[in-house]
Amino acid sequence: MGGIARTVGVLGHELRNPLAAAVTGAALLRELVDADDPRRRIVDGVAQELQRMSALIDSYLDFARCGQAKKELVRLAEVLAAAASRRESITVEGVLDAMVVGDAALLERAFDNLIENAFAAGATNVRIEARQDRGGLRLIIEDDGPGVPPELRARIFEPGYSRHGSTGLGLGFVQRVLQAHRGSIACENGARGARFVMKVPLAPVCAEA
Ligand SMILES: Nc1ncnc2c1ncn2[C@@H]1O[C@H](COP(=O)(O)OP(=O)(O)O)[C@@H](O)[C@H]1O
Ligand SMILES: [Mg+2]
């Protein structure tokens, strides 16, 4: 792992616990101040900023982990089942017995990010399809939300770009995970909502089969 990534990782871990304590403290304080009390606005502001800092630190830690991505045999079905189990209305289909070489936890976090984004944008259903494609694996993640306008399909991957005032680090992380797996991700024209297409090489033993 590079120097900066290591520093961010260490700093992130050091900040995580005190920040969690501050988030809890702010939530307790909020309980003690009536909703119509003029001081409530200040407490709400503090609680919100602390939450934002927590989200940023978690994202930076996710990024830092990409530098140490594992190279293990991962069964796609397991990663998808774990990511899909956190929500209802997610359909998973295709060549789920496929194997890739990589880091199951990072891949799961990447799918989590895509799924959360779809629901945050207003989708009610997410469909994930895995296809085998010339030695590689093609994963399509589609939703029925409002979609991404063509002129924004490259920008949404820029770290810090968010249309709902969030951290904007999710898709940058997803892209970084795919790079760590010698793969790629792009946002394409969907039938209805947004459509993300990932490409990942299959584990050598599967590619030969
Ligand atoms: N499935 C989706 N449908 C519509 N817009 C999306 C979708 N996924 C991502 N986006 C857009 O891309 C932006 C960047 O996403 P992301 O990097 O995860 O940051 P964040 O979720 O913090 O805003 C989002 O703010 C949203 O505008
Ligand atoms: Mg996001």
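Engineer: Before we go on, may I ask you to explain the overall build of the protein in this structure?
Structural biologist: Scanning the protein for helices and strands turns up 6 helices and 7 strands. Listed by position from the N terminus, the elements making up the protein come as α-α-β-α-β-β-α-β-β-α-β-β-α. Across its three principal directions, the C-alpha atoms of the protein cover 65 × 40 × 30 Å. In the protein, buried positions account for 30% of the 209 residues. The long-range share in the protein, meaning contacts at least 24 apart out of those at least 6 apart in sequence, stands at 69%.

Engineer: Looking at this model, I keep getting lost on the domain arrangement of the protein. Mind explaining?
Structural biologist: Domain boundaries in the protein define domain 1 (3-66) and domain 2 (72-208). Placing the centre of domain 1 and that of domain 2 at their C-alpha centroids yields a distance of 27 Å. Every contact between the two is made by 7 residues of domain 1 and, on the other side, 8 residues of domain 2. Residues of the side of domain 1 that touches domain 2, tallied by class, amount to 4 nonpolar, 1 polar and 2 charged.

Engineer: Please explain the packing of helix H3 (residues 76-84) against helix H4 (residues 104-120) as it appears in this structure.
Structural biologist: It is at 9 Å that the axes of H3 and H4 come closest, and there the two elements cross at 40 degrees. By the angle class used here, H3 and H4 are oblique. The handedness of the crossing between H3 and H4 comes out as right-handed. Contact with H3, carried on its side by Glu 78, Val 79, Leu 80, Ala 82 and Ala 83, involves Ala 104, Leu 107, Glu 108, Phe 111, Asp 112 and Ile 115 of H4 and no other residues of that element.

Engineer: Explanation requested: the environment of Ala 105 in the structure shown.
Structural biologist: Of note, Ala 105 is situated in helix H4. Between the C-alpha atom of Ala 105 and that of Glu 88, which follows or precedes it by 17 residues, the distance is 21 Å.

Engineer: For this particular structure, what's the right way to read the site of ligand 1?
Structural biologist: Surrounding ligand 1, one finds 22 residues, the nearest of these being Asn 117, Ser 162, Arg 163, Ser 166 and Gly 170. At the level of elements, H4 and helix H5 (170-180) are the ones that each hand at least two residues to the shell around ligand 1. Across the shell around ligand 1, the residue classes break down as 9 nonpolar, 11 polar and 2 charged.

Engineer: Is there a simple way to think about helix H2 (residues 39-66) in this case?
Structural biologist: One turn of an α-helix holds 3.6 residues; hence residues three or four places apart share an orientation. Look at H2: 42 Å from first C-alpha to last across 28 residues, which is about the 40 Å you get at 1.5 Å a residue. Of all the positions in H2, only Ile 57, Ser 59, Asp 62, Ala 64, Arg 65 and Cys 66 are classed as buried. For H2, the elements touching its buried residues are helix H1 (3-32), H4 and H5.

Engineer: What is the right way to look at H4 in this model?
Structural biologist: When the terminal C-alpha atoms of H4 are compared, their 24 Å separation across 17 residues agrees well with the 24 Å that a helix rising 1.5 Å per residue should span. Restricting attention to buried positions, one finds in H4 the residues Leu 106, Leu 107, Arg 109, Ala 110, Phe 111, Asn 113, Leu 114, Ile 115, Asn 117 and Ala 118. Gly 122 sits one or two residues past H4 and shows a positive phi near 110 degrees.

Engineer: Looking at this structure, how should I read unusual backbone geometry?
Structural biologist: Of all residues except glycine, most have a negative phi; of all peptide bonds, most are trans. Backbone geometry at Ser 89 places phi at a positive 60 degrees, although glycine is not the residue there. Position of Ser 89 among the secondary structure elements: in the loop between H3 and strand S2 (90-94). Looking at Ser 89, the number of C-beta atoms within 10 Å reads 15, which means it is partly exposed. A positive phi angle is found at Arg 182, which is not glycine, with a value near 55 degrees. Tracing the sequence through the fold places Arg 182 in the loop between H5 and strand S6 (184-188). Arg 182 sits in the partly exposed class, given 13 other C-beta atoms within 10 Å.

Engineer: Would you mind showing me how to read the packing of H1 against H2 here?
Structural biologist: Each packed pair of helices is defined by two parameters, the angle between the axes and the distance between the axes. Put simply, H1 and H2 touch, their axes get as near as 8 Å, and they point 155 degrees apart. Considered as vectors, H1 and H2 are oriented roughly antiparallel to each other. Viewed along their axes, H1 and H2 form a crossing whose handedness is left-handed. Partitioning the contact of H1 with H2 into residue classes produces 18 nonpolar, 4 polar and 3 charged.

Thresholds applied
Residues numbered from 1 in each chain as written. Chains lettered and ligands numbered in written order. Predicted model: local features only at pLDDT ≥ 70, side-chain atom pairs only at ≥ 80, totals over all residues. Helix = DSSP H or I, 4+ residues; strand = E, 2+ residues; numbered from the N terminus. Buried ≥ 20, exposed ≤ 12 C-beta atoms within 10 Å, placed from the backbone. Contact = placed C-beta atoms within 7 Å. Domains from an automatic or database assignment. Nonpolar A, V, L, I, M, F, W, Y, C, P; charged D, E, K, R; others polar. Axes fitted to C-alpha atoms, helices over the stretch in contact; angles between N-to-C directions. Parallel < 35°, antiparallel > 145°, perpendicular 65-115°, else oblique. Left-handed = near helix turned anticlockwise from the far one by under 90°. Near = placed C-beta within 6 Å. Expected span 1.5 Å × (residues − 1).

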